[in-house]
Amino acid sequence: MLRDLLITTLALSLIIGLRYLLVGAAAHGLLWAGAGRGRALNLRPPAMKRIRAEIVASLIACPIYALPAALVLELWKWGGTAIYSDPDAWPLWWLPVSLIVYLLAHDAFYYWVHRALHHPRVFGWAHAEHHRSRDPSAFASFAFDPAEAAATAWFLPALALIVPIHWGVALTLLTLMSLTAALNHAGREVWPAAWLERAPLRWLITATHHDAHHKRFNGNYGLYFQFWDRWAGTEVSAAPSRPSPVIPPERPSAPLR
């Protein structure tokens, strides 16, 4: 089984990496080409040096995310997970409900882990890489320190061991996760400003909401929904900006941009 696990991990690493590059390139190209599309949020266009650093960090994180997923796939072959392929195995209403359950659970988990990663004793070695992108690009969506990747990679695979989910719903969840992450880091808001104040967008994490996190560092920790930030009092607006904490330099010592 160890050999199968290693092979599956390698295959998933390649798939995750290619998915990241394709989604990131598509989002960045569509939003920044020419005069750009949507409303600019970045103080300046994403710098190529930082984009290259985002890509390197993301590719390093790929096998860390692939390993728990590979383990679940290997267990699935033996019937040891809650993933199912027959739509009739559970009531049809569970298909959309399971997607909502996974989104809510993942959002709650991520909010509290993300908030913990901003603790001064943790931030420098576990989350600083992501925040070197003060003016992020779509490629920053996956640019994590190995410690952050290890802390977050296991949750969805572990949930798939106990909460039933159809494989099609699982793919839908992963697709939504990739698309929203790329758009929310792209440095441009695709939605009209007036729409952000109306349902359903006023409940969701958008580029405007998450960009304030990259600019201010002190709030907007959610992944999909704004509920936790509002309930916990950590929601911040895009302006005025507060001073950002000092971020450890890139390895080796180098400027942020």
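A brief look at the structure comes next. Please read these numbers as outputs of a predicted model, since none were measured by experiment. (Residues numbered from 1 in each chain as written. Predicted model: local features only at pLDDT ≥ 70, side-chain atom pairs only at ≥ 80, totals over all residues. Heavy atoms only, no water.)

Tracing the backbone shows Arg 216 in helix H9 (residues 207-216). When the C-alpha positions of Arg 216 and Ala 238 are compared, they lie 7.9 Å apart, and in sequence the two are 22 residues distant. Polar contacts involving the side chain of Arg 216 include one to the main-chain carbonyl oxygen of Ser 237, which spans 2.9 Å. (Helix = DSSP H or I, 4+ residues; strand = E, 2+ residues; numbered from the N terminus. Polar contact = N/O pair within 3.5 Å; in protein donor to acceptor, adjacent residues only side chain to side chain.)

Right, let's get into the packing of helix H3 (residues 94-117) against helix H8 (residues 167-185). In contact at an axis separation of 10 Å, H3 and H8 are set at 45 degrees when each is read in the N-to-C sense. Relative to H8, H3 is oriented oblique. Here the hand of the crossing between H3 and H8 comes out right-handed. Across the interface between the two elements, Leu 95, Ser 98, Leu 99, Tyr 102, Leu 103 and His 106 from H3 touch Val 169, Thr 172, Leu 173, Leu 176 and Met 177 from H8. Across the contact of H3 with H8, the residue classes tally to 8 nonpolar, 3 polar and no charged. (Axes fitted to C-alpha atoms, helices over the stretch in contact; angles between N-to-C directions. Parallel < 35°, antiparallel > 145°, perpendicular 65-115°, else oblique. Left-handed = near helix turned anticlockwise from the far one by under 90°. Contact = heavy atoms within 4.5 Å. Nonpolar A, V, L, I, M, F, W, Y, C, P; charged D, E, K, R; others polar.)

Turning our eyes to something else, we now look at the pattern of salt bridges. All told, the structure shown has 7 salt bridges when counted by the stated rule. Of the charged contacts, one joins Glu 129 and Arg 50 as a salt bridge, the two residues approaching to 3.2 Å between their closest N and O atoms. One end of the pair, Glu 129, is in helix H5 (residues 128-131); the other, Arg 50, is in helix H2 (residues 48-77), and 79 residues separate them in sequence. Here Glu 74 makes a salt bridge to Lys 77, at a shortest N to O gap of 3.0 Å. Of this pair, Glu 74 and Lys 77 both sit in helix H2, 3 residues apart, which is roughly one turn of the helix. Salt bridges sharing partners connect three or more residues here, namely Arg 44, Asp 135, Asp 211 and Lys 215. (Salt bridge = Lys/Arg side-chain N within 4 Å of Asp/Glu carboxyl O.)

Glancing now at the packing of aromatic side chains. Following the criterion strictly, the structure yields 19 aromatic pairs and no others. Seen from their ring centres, Tyr 20 and Phe 142 are 6.0 Å apart, and the 35 degrees between their planes marks the pair as tilted. On the criterion of sequence distance, the pair formed by Tyr 20 in helix H1 (residues 2-32) and Phe 142 in the loop between H5 and helix H6 (146-152) is long-range, its members being 122 residues apart. Neither residue differs from the other here; Tyr 20 and Phe 142 are each classed as buried. Each residue in the set Tyr 20, Tyr 65, Phe 139, Phe 142 and Phe 144 is aromatic and connected to the rest through ring pairs, giving one cluster. Looking at Arg 188, its charged tip hangs above the ring of Trp 32, at a distance of 4.7 Å from the centre. (Phe/Tyr/Trp six-rings, centres within 6.5 Å; stacked < 30°, edge-to-face > 60°. Buried < 20%, exposed > 50% of the residue type's maximum accessible area, 1.4 Å probe, protein only. Lys NZ or Arg CZ within 6 Å of the ring centre and 35° of its normal.)

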